[in-house]
Every structure is written in structure tokens, then in C-alpha cells.
Protein chains: 2
Amino acid sequence: MPPEMNLRIAPRSVQQETVDKLRQAIFSGLFQPGSRLVESQLCAQLGVSRPSLREALRSLHAERLIEMVPNRGPSVPALSWEEATAIYEVRELLEVEAAGRCASAISKERLVDLKNSLTAFEEATSSKDNLAQVMTAAEFYSIILVNCGNPILEEVHRGLLARISFFRGRSMSLEGRAQSSLAEMKDIYEAIAEGNVKEARKAAQRHLVKAKAAAQLSMTGKD
Amino acid sequence: MPPEMNLRIAPRSVQQETVDKLRQAIFSGLFQPGSRLVESQLCAQLGVSRPSLREALRSLHAERLIEMVPNRGPSVPALSWEEATAIYEVRELLEVEAAGRCASAISKERLVDLKNSLTAFEEATSSKDNLAQVMTAAEFYSIILVNCGNPILEEVHRGLLARISFFRGRSMSLEGRAQSSLAEMKDIYEAIAEGNVKEARKAAQRHLVKAKAAAQLSMTGKD
DNA sequence: ATTGAAAGAATGTCTGACAATCCTGTTGAC
DNA sequence: GTCAACAGGATTGTCAGACATTCTTTCAAT
């Protein structure tokens, strides 16, 4: 088979492109929580037609990134402290399980990926770049989830990812939180590298408990 | 406030209606697994326009009820035995936790709802009506999830519900499986009614282990 | 000031259109 | 006869425009 095969550029569809742009915009807090998303405005800003935009909005709604009230259109939900707590509790359930499974299931090659993402997070930490911290931390966990041996676990977690990233962004902006996270994630990595299931679960749990506390601090301190 | 207030009938939108119809159709196996869903055909059958249909398809895709390959359109995925296993494992994680939380969080009134849904399932069991069994069993678990005190747990579980129902339908059709399920669900109910967290978790786990075994039997036996 | 009506804005939905892409069956070359 | 190129139809991706329905807001009348 000729090498051109992989050159086939995936011309991402307008709708997919739109979903990505909007998701990023919501992530980065470009829209005020509670603010309405007016279709005609978004069409103009993104340069897409209303049908395409509406399909994108449906996708985002399914991700629970936007709310849609009939006849009132979509809006960016204001994430509450209660919701943050609930999400962290479910994260704990999922990520502890995933870390444990990953410790026994991950391959040597993927372990290298995990190590690399950890290094990337370390660099982001010292760079004080909040967005980079969020992205690399998400990458680290994504690798764990993808290699935990249960695709549904990964799927479910991905459904929470948008909101996780939102809260992560806030807690990471706390003084010293990124540094602590780094240490905790190193523990997780090492347990996984050793194939130590129990320790991986414990490390993941420790990380979550602290992340949750940090997130709550960042929420209650500002809201 | 006048009593007419609640008479305000919610005129469900075309897109929502379409989602429901298609979901039901997929549930009931009206479409062969792997078969393609042609937009124009569906529009004609459902009597909706293409934009509305496409929005509905996006919603269903987000629920993972259909696959969408670019330029080839949506199709009904063939659910595999591996996927069934993965789903049951995640169910175990979620439902055991939910049962435990529910045991300590549910109110008296909601406990009555739970009891009622159990009775409904009992009737469905004796009636040998497979669809009714699936629906009432889903209702029973839905009540547990809604009252577990963590809305995210419920949300995540609902995202799996479509596929859970699919597998449940197959395993319930096994001789005697509905009867066993009933007994196991009664155990769960009683533990919750007593507020016994540990026992509720154990009962939920026992149920899941057996349901998983039954589902695998129903999958491997026919595929 | 409160209520009510009208104007304006936004959503829900449809029709129709066209380009890009995929699938299929036929033709043509070896 | 088999395989490959190709033409044609079918299907998806995307857009523009339209209109009824449903908020929302403004303004006027009591």
C-alpha cells in the first residue's frame, strides 16, 4: 500500500469543528456562566450556518456542556459547588478503579506515553501556564483511562471531562496546587509502573481527595 | 395561582419526539445491528424534515446509541460480548455505590416508589412480558440512582441506560432469569429499606454478578 | 404603579438546493 | 476470465431562506 494512504487528511466536518471551537470557548470561560447562546450571533462569529450550528449545540448538550430550555435556547450552565462535589465523588469511583486496572493492564509502550505526559505536566507546572496545566493533566488521566482495559470506563469518564477540566482549571490556579498535584500524580505513575494495583488505587484516591478539597476551596472562595 | 397552571401541556419538540421514536426502535431491535440509517428514509418514515432528523441523530450519537462515520452516515452498532462485559463492570461500580448511598439517603416517600416499582417488576415477571420486565427493572434502578444523593452518578448511569436495557432484554429472556432477578432485587430493596448500607452494596453486587453471567450466557449462546 | 397589548427578537421547523463523497455496476484492457 | 478504471446514481454535508410559534421587552392606558 502506498505511503500516501496516511496522507489522507481528515477534513474535519464543519459541525465537528464548531463543536470543538465552542467547547474550547466554554472551557476558557469566554462565556459567562448563565449567559445565553444566541444562535444567530454564534453563526456570525463562527461563520457557519444555523443547521450546522444547531447540530453542534445538540452535541454539546449531550456532553452536558450547555443547557437547553425549550423555546429559550441554549445557555452556559453555572456550575455549582454541589455539582463539583458530586463530580469529584464520581471521579474518585472511576479513576481509582481505572488506576488499579491500568497498573495491571498497561503495556510497556503505553507506560512510556504516561511518563511523557507526566513530564509534560511537570513542565507546564513550572511554566505557570494554567491552560497547559489543565491540558496535560487531562492527558495524563486520559492515558490511564484508555489503558485501563475497559473502554466503557473511559467513555464514561470522557463524558465528564469537560466539567472536570473546568474545575481543574480553577483549582490549579490556587497557589501551590499544581505542585502538589504533580507529586501526587508521580505517585500514581510509579505505582502503575510497578504494576502495584493496590498502591495505584491508593495513590489515585489520595490525589482525588486533595483535588476535591482544592476545588471546593477555589469555588467557595470566589462564589 | 389558578389550577390551570399545571395544565400547561409540554408540547414536546419534533426533535425530542424523533429521538424517542428512534431510541425505541433501536431498543426493540427494529434495526439490524450494523445496518445503516439512511436519512431520507427515516425522514419519510418519521415525517420530519432532514434538519430535525439530523439533530436527533446527533443526540443519539452522543448517547452512543448509533455510530456516525463521516460521509457514510449513521448506523446501528453491533454490541459485542466484550462491550457487554465492560458495561456490566462499570454498572457494578456505579450501582453498588448508588445502592449504598441510597440506603442512607432515600426518603420515606421515595422508598414507597421503590417498593412500587419492585411490585411492578414482580407483575411483569409473572406476565412473561419481556419488554415490561426490562422497563420495570430499569425503573427500579432509576429510582435508586435518582435518590442516591449524587446527581452525577445518576447522569452517568443514564448515559449507559440504553445499552443496559438492550442487554437486560436478552438476559431476561433466559429461562428463570427474571425470577432470580426478582429475588435479588428484593434483597436490594430490603437492605435499602433498612438503611443498611453495607448489605445494600453487597446485594447490589450479588445481583450484578449474576446478571453479568446471565448476559454473557445469552450473548455467547446466540452469537 | 400595575396591567395589558403590541413590537421585536429568538427559537423550532420546513423546503429546496448544491457540492463532495461513497457505492455499484459496467466497461474495457490484459 | 479476471481485474481495474470509470461513469452514474445514491447519500451525506452544508448552506440559504422562509415562516409560525414563543419569549421578552417596551410602552401606553387605566
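These figures come from a predicted structure and were not determined experimentally.

Chemist: Would you mind showing me how to read the overall build of chain A here?
Modeler: Looking only at helices and strands, one finds nine helices and two strands in chain A. The linear arrangement of helices and strands in chain A, starting from the amino end, is α-α-α-β-β-α-α-α-α-α-α. For a compact globule of 223 residues, the expected C-alpha radius of gyration is about 17 Å, and chain A comes in at 19 Å, within 12% of that figure. Here chain A holds 223 residues, and 39% of them are scored as buried.

Chemist: I tried to follow the protein's contact with DNA strand D on my own but got confused; where do I start?
Modeler: Near DNA strand D you find 18 residues, and of these A:Ser13, A:Val14, A:Ser49, A:Ser52 and B:Gly73 are the closest. Of all the elements in the fold, those that place two or more residues in the surface near DNA strand D are α1 (14–27) and α3 (50–62) of chain A together with α2 (39–46) of chain B. The residue makeup of the surface near DNA strand D, split by class, is six nonpolar, eight polar and four charged.

Chemist: Please explain the interface of chain A and chain B as it appears in this structure.
Modeler: Accessible area lost when the parts come together is the quantity often used to give the size of an interface. Opposite the 23 residues of chain A that make contact, chain B presents 23 residues. Counting residues per element, the ones that place at least two in the side of chain A that touches chain B are α3, α4 (81–105) and α7 (151–172) of chain A. Classifying every residue of the side of chain A that touches chain B gives 11 nonpolar, four polar and eight charged.

Chemist: Explanation requested: the relation of the copies chain A and chain B in the structure shown.
Modeler: Between the two copies of the chain lies a relationship made up of a rotation around an axis and a movement along it. If you rotate chain A by 180° and push it 0.0 Å along the axis, it lands on chain B with an RMSD of 0.1 Å. Overall, the copies show the geometry of a two-fold rotation axis. Of all interface residues in chain A, 100% are interface residues in chain B too; the two copies therefore contact each other through one and the same surface.

Chemist: Can you help me understand the protein's contact with DNA strand C in this one?
Modeler: In the vicinity of DNA strand C there are 18 residues, among which A:Gly73, B:Ser13, B:Val14, B:Ser49 and B:Ser52 approach most closely. Elements with a minimum of two residues in the surface near DNA strand C: α2 (39–46) of chain A together with α1 (14–27) and α3 (50–62) of chain B. In terms of residue count, the dominant contributor to the surface near DNA strand C is α3(B) (three residues). Tallied by class, residues from the surface near DNA strand C come to six nonpolar, eight polar and four charged.

Chemist: Where do I start with the environment of B:Arg177 in this structure?
Modeler: Residues and elements named next belong to chain B. Among the secondary structure elements, Arg177 is positioned in helix α8 (residues 177–194). When the 22 C-beta atoms within 10 Å are taken as the criterion, Arg177 is described as buried. Distance from Arg177 to Ala215, taken between C-alpha atoms, is 9.8 Å for residues 38 residues apart in sequence. Once residues within four sequence positions are removed from consideration, Arg177 is found in contact with Ser171, Met172 and Ala214.

Chemist: Help me understand α3(B), please; the structure alone is not making it clear to me.
Modeler: Residues spaced three or four apart along an α-helix face the same direction, because each turn holds 3.6 residues. Counted at 1.5 Å a residue, the expected span for α3(B) with its 13 residues is 18 Å, and the 18 Å between its end C-alpha atoms agrees. All of the buried residues in α3(B) are B:Ser52, B:Leu53, B:Arg54, B:Glu55, B:Ala56, B:Leu57, B:Arg58, B:Ser59 and B:Leu60. On its buried side, α3(B) packs onto α3 of chain A together with α1, α2 and β2 (73–75) of chain B. Once α3(B) ends, the next one or two residues include B:Arg64, with phi positive near 65°.

Chemist: It is not clear to me how the environment of B:Glu184 should be interpreted in this structure. Could you clarify?
Modeler: Residues and elements named next belong to chain B. Topologically, Glu184 is positioned in helix α8. By the C-beta count within 10 Å, which is 18 here, Glu184 ends up partly exposed. Measuring from C-alpha to C-alpha, the distance between Glu184 and Gln205 comes to 9.7 Å, with 21 residues separating the pair along the chain. Glu184 has contacts with Ala203, Arg206, His207 and Lys210, leaving out every residue within four places of it along the chain.

Chemist: Would you mind showing me how to read the domain arrangement of chain A here?
Modeler: All names here are of chain A. Domain boundaries in chain A define domain 1 (3–75) and domain 2 (81–222). Between domain 1 and domain 2, the contact holds four residues from the first and four residues from the second. In the side of domain 1 that touches domain 2, the residues fall into two nonpolar, no polar and two charged.

Chemist: What exactly am I supposed to notice about the nonpolar core here?
Modeler: Membership of the largest hydrophobic core comes to 88 residues, with the highest contact counts inside it found for A:Ala99, A:Ile144, A:Ile192, B:Ala99, B:Ile144 and B:Ile192. In this structure A:Ala99 touches A:Ile144, A:Ile188, A:Ile192, A:Ala200, A:Arg201, A:Ala203 and A:Ala204, once residues within four positions along its chain are discounted.

Chemist: Got a minute to help me understand unusual backbone geometry in this structure?
Modeler: Negative phi characterises most residues that are not glycine, and trans characterises most peptide bonds. Of note in this structure, A:Lys128 is not a glycine but carries a positive phi near 65°. Its location among the elements puts A:Lys128 in the loop between α5 (108–127) and α6 (130–146). Phi at B:Arg64 takes a positive value of approximately 65°, unusual for a residue other than glycine. With respect to the helices, strands and loops of the structure, B:Arg64 is situated in the loop between α3 and β1 (67–69).

Chemist: Honestly, the packing of α5(A) against α6(A) in this entry has me stumped. Any pointers?
Modeler: A pair of packed helices is captured by two measures, namely the crossing angle of their axes and the spacing between those axes. All names here are of chain A. Orientation of α5 relative to α6, taken along the N-to-C sense of each, is 165°, at an axis distance of 8 Å. As summarised for this structure, α5 and α6 are arranged roughly antiparallel, according to the angle between their axes. Both α5 and α6 take part in a crossing whose hand is left-handed. For the pair α5 and α6, the contacting residues are Arg110, Asp113, Leu114, Ser117, Leu118, Ala120, Phe121, Ala124, Thr125 and Ser127 in the first and Ala132, Gln133, Thr136, Ala137, Glu139, Phe140, Ile143 and Ile144 in the second.

Chemist: I keep staring at the packing of α7(A) against helix α4 (residues 81–105) of chain B and nothing clicks. Help me out?
Modeler: Between α7(A) and α4(B), the shortest axis-to-axis distance is 7 Å and the interhelical angle comes to 55°. As summarised for this structure, α7(A) and α4(B) are arranged oblique, according to the angle between their axes. On α4(B), the residues touching A:Pro151, A:Ile152, A:Leu153 and A:Val156 of α7(A) are B:Ala86, B:Ile87 and B:Val90. Considered class by class, the residues forming the contact of α7(A) with α4(B) number seven nonpolar, no polar and no charged.

Parameters at a glance
Residues numbered from 1 in each chain as written. Chains lettered and ligands numbered in written order. Predicted model: local features only at pLDDT ≥ 70, side-chain atom pairs only at ≥ 80, totals over all residues. Helix = DSSP H or I, 4+ residues; strand = E, 2+ residues; numbered from the N terminus. Rg over C-alpha atoms; globule rule 2.2 N^0.38 Å. Buried ≥ 20, exposed ≤ 12 C-beta atoms within 10 Å, placed from the backbone. Near = placed C-beta within 6 Å. Nonpolar A, V, L, I, M, F, W, Y, C, P; charged D, E, K, R; others polar. Contact = placed C-beta atoms within 7 Å. Least-squares fit on C-alpha atoms with pLDDT ≥ 70 in both. Expected span 1.5 Å × (residues − 1). Domains from an automatic or database assignment. Core = buried A, V, L, I, M, F, W, Y, C linked by C-beta atoms within 7 Å. Axes fitted to C-alpha atoms, helices over the stretch in contact; angles between N-to-C directions. Parallel < 35°, antiparallel > 145°, perpendicular 65-115°, else oblique. Left-handed = near helix turned anticlockwise from the far one by under 90°.

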